[in-house]
Amino acid sequence: MQQQHKKRLVILGGGESGVGAAILGKDRGWDVFLSDSGEIAPHYSRVLSDEGIPFEHGHHTAELILNATEVIKSPGIPPTAPLVRELTAKGIPVISEIEFAGRYTDAKMVCITGSNGKTTTTMLIHHILCSSGIDAGLAGNVGKSLALQVAREPHDVYVVELSSFQLENMYDFKANVAVMLNITPDHLDRYDYDMQNYVNAKFRIIRNMTPTDSFIFWQDDPVIERQLERVATDARLMPFAESCEENTKAYVDAENELVIKAENSPLVMPRADLALNGLHNLFNAMAAGLSASILHVKNSDIRRALSDFEGVEHRLEFVATVDGVRWINDSKATNVNSCWYALESMPQSRSTVLILGGKDKGNDYSEILPLVRSKVKAIVAMGLHNEKIMEFFGNEVPAIADTNTLADAVAAARSFASEGDTVLLSPCCASFDLFHSYEERGHLFKQAVAGLE
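Summary of the structure given here. Quantities reported herein were computed from a predicted structural model and do not represent experimental measurements.

Before going further, it helps to examine unusual backbone geometry. Positive phi values are uncommon outside glycine, yet Asn-247 reaches one of about 70 degrees. Following the sequence through the fold, Asn-247 ends up in the loop between β11 (236-240) and β12 (250-252). The backbone of Leu-316 shows a phi angle near 45 degrees, a positive value even though the residue is not glycine. Relative to the elements of secondary structure, Leu-316 occurs in the loop between α12 (299-308) and β15 (317-322).

Laid out in structure tokens, this is it:
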């Protein structure tokens, strides 16, 4: 009797998600091969070798890839990549690591997307669940690979941060709780500069949801509102807003208290008791509180966790006060709307020195212009190509500087700032012109500030 061949799983990309998917595939009996056109980090190479998973890096060998039963691709590889086009032309399914991992677990999935606030909200939900005694894993853009956890560290609940890139190749995966924080222009270079393509990718998060599932969203977002008129979902709608509207499930009342009405009796707590400040963090807390309530976390546990959460690195992170000037690291603000929220939380007086710049993704800076006019005393452009920033803001602020290194940007910001001012690194742009990641940009900024003391 002829032996049946194993199904062949090929993984494109040797980072956290790819290696996790490779391990899960191996554990579930697939014939696994991993290929990365770049260099795989030594840590991941060792893991693959120790697991006995064949891999290549520095190139793609087409004949070892185009014979796949199914392919998992890294979220960073666009669907227009030549190899992905070849796979599609041959009818070979291309899926995401999240899609693959979802096949092998019955755990509840709390999934968070949005243009801004994803990481803070994801970590806040995880904090609430863990502090209330729920066995919850952290996955997606933060934490460990979901596939790796499903394979080796299973949990009862997974809190998963999902970018539009990850959502593109999800088909049968289902969220039990889906959170849509907001949708503003981002990554438009990936979506043919068509906002609707980006919106469609984001809304894949509600695919396959049933009447027992819940969709949490910002009620006042016009893009979300328009899309909900076009697409249907069987999930329960759980909107949140700054003030109470029809069917609002979380809001702030006339006494400036946060109100959350979901599965439990209403939770009411003073807004001042929230650990995180700013309007954007109020919305993050609403989404997190609703998610936890849907999972039947007690109000007392939700209230405590919302008041003792310590925040996320590189998101409005206080660095130091030097010579009476506060320095804030908001390196995670890689788009205009994220910078808007950062500026919204700054003092009303014109006392902010704003550091902008990096790899522009088709930014429209007019969204932040009113806040810049009212709050910003100086702008420091930091990047290899600052022409757009210099032209747009040149006549809008009392002072502006064009810099090409972090050291020069920090020096310029220090020269503009006086006692009582705030220097805010909130770049509006990706980091890839001068840095490898927004994390590296934030770490180096904090080091530079520490050197001023």
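Now that the structure has been shown, the text picks up again.
The subject of this paragraph is the packing of aromatic side chains. As enumerated under the stated definition, the model contains ten aromatic pairs in all. A ring pair is formed by Trp-30 and Phe-100, whose centres lie 5.8 Å apart and whose planes are at 75 degrees; its orientation type is edge-to-face. Taken together, the positions of Trp-30 in the loop between α1 (16-27) and β2 (31-36) and Phe-100 in helix α5 (residues 97-102) put the pair 70 residues apart, joining distant regions of the chain. When sorted by exposure, Trp-30 lands in the same class as Phe-100, which is buried. Consider the rings of Trp-218 and Phe-283, whose centres lie 5.0 Å apart with planes at 40 degrees: the pair is tilted. One end of the pair, Trp-218, is in strand β10 (residues 214-218); the other, Phe-283, is in helix α11 (residues 279-294), with 65 residues separating them in the sequence. Overall, Phe-283 belongs to the buried group, its relative accessible area being 6%. Ring-pair connections join several aromatic residues into one group, and the members of that group are Trp-30, Phe-100 and Tyr-104.

Here we come to a negative patch on the surface. Together, Asp-220, Glu-225, Glu-229, Glu-242 and Glu-245 line one region of the surface with negative charge. Within the element layout of this structure, Glu-225 appears in helix α10 (residues 222-230).

In this section: the side chain of Lys-73. Here Lys-73 is to be found in strand β4 (residues 70-73). Among buried charged residues, Lys-73 stands out as having no salt bridge; its nearest opposite-charge side chain is Glu-168, 4.3 Å away. Looking at Lys-73, its side chain comes within polar contact range of the main-chain oxygen of Ile-77, at 2.5 Å. Side chain to side chain, Lys-73 and Asn-169 meet in a polar contact 3.5 Å long.

Here we have five strands laid out as an open sheet, ordered β3-β2-β1-β4-β5, and parallel in their pairing. Edge strands, defined here as strands with exactly one partner in the open sheet, are β3 (55-57) and β5 (94-95). Summarising the sheet, strand β1 (residues 8-12) and β4 pair through four bridges and their orientation is parallel. When the sheet's bridge partners are listed, Leu-9 is paired in β4 with Glu-70.

Cut-offs and rules
- The residue count restarts for each chain, going from 1 along the sequence in the order it is written.
- The model is predicted, so local features are restricted to residues of pLDDT at least 70 and side-chain atom pairs to those at 80 or more, both for listing and for counting; the totals for chains, interfaces and linings are taken over all residues.
- Derived side-chain values reflect all non-hydrogen atoms in the structure, with water molecules and hydrogen atoms excluded from consideration.
- Counting from the N terminus, the helices are DSSP H or I runs at least four residues long and the strands are E runs at least two residues long.
- Stacked, tilted and edge-to-face pairs are distinguished by plane angle, under 30 degrees for stacked and over 60 for edge-to-face with tilted covering the rest, among Phe, Tyr and Trp rings (Trp via its six-membered ring) whose centres lie within 6.5 Å.
- Only protein chains enter the accessibility calculation, which uses a 1.4 Å probe; a residue is then buried when its area is under 20% of its type maximum, exposed when over 50%, and partly exposed in between.
- Patch definition: residues with relative accessible area over 30% and no salt bridge; like charges joined within 9 Å; nonpolar side chains (Val, Leu, Ile, Met, Phe, Trp, Tyr) joined within 5 Å.
- Reported accessibility uses the Shrake-Rupley method at a 1.4 Å probe radius. Residues are deemed covered only where the shown protein chains occlude them.
- Any Lys or Arg side-chain nitrogen located within 4 Å of an Asp or Glu carboxyl oxygen qualifies as a salt bridge.
- Counting rule applied: Lys, Arg positive; Asp, Glu negative; His and chain ends not counted.
- In plain terms, the charge of a residue is placed at NZ if it is Lys, CZ if Arg, CG if Asp and CD if Glu.
- Here a polar contact is recorded for every N or O atom pair within 3.5 Å, except that within protein the pair must consist of a potential hydrogen donor and a potential acceptor, and residues adjacent in sequence are included only if both atoms are side-chain atoms.
- By the convention used here, strands pair only if DSSP detects at least 2 bridges between them.

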